[in-house]
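Chain by chain, the residues:
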Amino acid sequence: AVDWFVDQRLDSLGLKAAPTADPLELVRRLSFGLTGLPPNPQDATQFVDAFASDADSAVREYSTRLMQSPQYGEHFGRQWLDVARYADSAGFANDYARPNAWRYRDYVVRSFNNDKRYDEFVREQLAGDELDDKNPENIVATGFLRMGPWEQTGMSVFRVTRQQWLDDVIDSVGQTFLGHALQCAKCHDHKFDPVPTRDYYRMMAIFSTTQFSEREAPFLDVENRGRFEAAN
């Protein structure tokens, strides 16, 4: 229905809407938009033929097929991993490796491909171990809290480094799940945004008991363990 209002505004300005994409353009847009990959020539040809007989059905069926492909989760999961600041190493000068980070990456891709509910997706990443610490999926999901940089050297004071990590986690949670940076509220109430300092330290209290550890999380059947023996 919103198109009606758009059309009215365009008419008032003497503008015309862009023409409808032809089938070949449309199949490319769908493929790149949903999987980040171009369509293979055979799929493109089949789509053009199907579009000629029933355009709505062709779009619906092709979109559904793309969203059921593994590449769909990989494409949209990558965008979430950018937000979560996924990395296989810790950053900064030491930049030590995180050999198990890939399990969190695959958890995100798996969640998109399984169409996991967003509220579950959030809870598992923030408190999966509190929900069920016997579930390997939940343990892996909390890797979200470990994605930020970490720099503890012989010249560092651990309590300071840990506080920097806490500040980073709180701000990351705000930006990822609230669309709102929170670090400013550490020192003062936001002048315009509804984030007082007391809320910042309430948030800190949630994560203040979180400790780093290598948790036992048995591999799931769906996790790729190919060439593990060769790597070891």
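Residues numbered from 1 in each chain as written. Predicted model: local features only at pLDDT ≥ 70, side-chain atom pairs only at ≥ 80, totals over all residues. Heavy atoms only, no water.

(A) Geometry of the nonpolar core. By size, the foremost hydrophobic cluster in this structure holds 32 residues, and its most contacted members are Tyr 104 and Phe 207. Breaking this core down by element, the ones donating at least two residues are α5 (70-84), α6 (101-113), α7 (118-131), α8 (136-141), α9 (158-178) and α10 (197-207). At 6 residues, α9 tops the list of elements feeding residues into this core. Once residues within four sequence positions are removed from consideration, Tyr 104 is found in contact with Trp 80, Leu 81, Ala 84, Tyr 86, Gln 125, Val 140, Ala 141, Gly 143, Phe 144 and Met 147. With 10 residues, the next largest nonpolar core counts Leu 30, Phe 51, Leu 66 and Tyr 72 among its residues. (Core = buried A, V, L, I, M, F, W, Y, C linked by side-chain atoms within 4.5 Å. Buried < 20%, exposed > 50% of the residue type's maximum accessible area, 1.4 Å probe, protein only. Helix = DSSP H or I, 4+ residues; strand = E, 2+ residues; numbered from the N terminus. Contact = heavy atoms within 4.5 Å.)

(B) A look at the packing of helix α2 (residues 23-35) against α5. At a closest axis distance of 7 Å, the pairing of α2 and α5 adopts a crossing angle of 65 degrees. Of the residues in α5, those in contact with Phe 32, Gly 33, Leu 34 and Thr 35 of α2 are Gln 71, Tyr 72, His 75 and Phe 76. When its residues are assigned to classes, the contact of α2 with α5 shows 4 nonpolar, 4 polar and no charged. (Axes fitted to C-alpha atoms, helices over the stretch in contact; angles between N-to-C directions. Nonpolar A, V, L, I, M, F, W, Y, C, P; charged D, E, K, R; others polar.)

(C) Summary view of helix α3 (residues 41-53). Between the first and last C-alpha of α3 there are 19 Å, a value that for 13 residues agrees with the 18 Å anticipated at 1.5 Å per step. Turning to α3, the residues buried within the fold contact α2 and α4 (55-67). A side-chain oxygen of the first residue of α3 lies 3.1 Å from the backbone nitrogen of Gln 42; this N-cap is Asn 40. (Expected span 1.5 Å × (residues − 1). Polar contact = N/O pair within 3.5 Å; in protein donor to acceptor, adjacent residues only side chain to side chain.)

(D) Quick peek at the environment of Thr 176. Looking at where Thr 176 falls in the secondary structure, it is placed in helix α9. Judged by its relative accessible area of 11%, Thr 176 falls in the buried class. Residues Thr 176 and Gly 33 lie 143 residues apart in sequence; the distance between their C-alpha atoms is 22 Å. Of note is the side chain of Thr 176, whose polar atom sits 2.8 Å from the backbone oxygen of Ser 172.

(E) Quick peek at the packing of α2 against α4. Taken N-terminus to C-terminus, the directions of α2 and α4 make an angle of 25 degrees; their axes are 10 Å apart at the nearest point. The orientation of α2 relative to α4 falls into the category roughly parallel. Relative to α4, the crossing made by α2 is right-handed. Contacts between α2 and α4 involve Leu 26, Val 27, Leu 30, Ser 31, Leu 34 and Thr 35 from the former and Val 59, Tyr 62, Ser 63, Leu 66 and Met 67 from the latter. Classifying every residue of the contact of α2 with α4 by side-chain character gives 8 nonpolar, 3 polar and no charged. (Parallel < 35°, antiparallel > 145°, perpendicular 65-115°, else oblique. Left-handed = near helix turned anticlockwise from the far one by under 90°.)

These results come straight from atomic positions and should not be treated as a statement about function.
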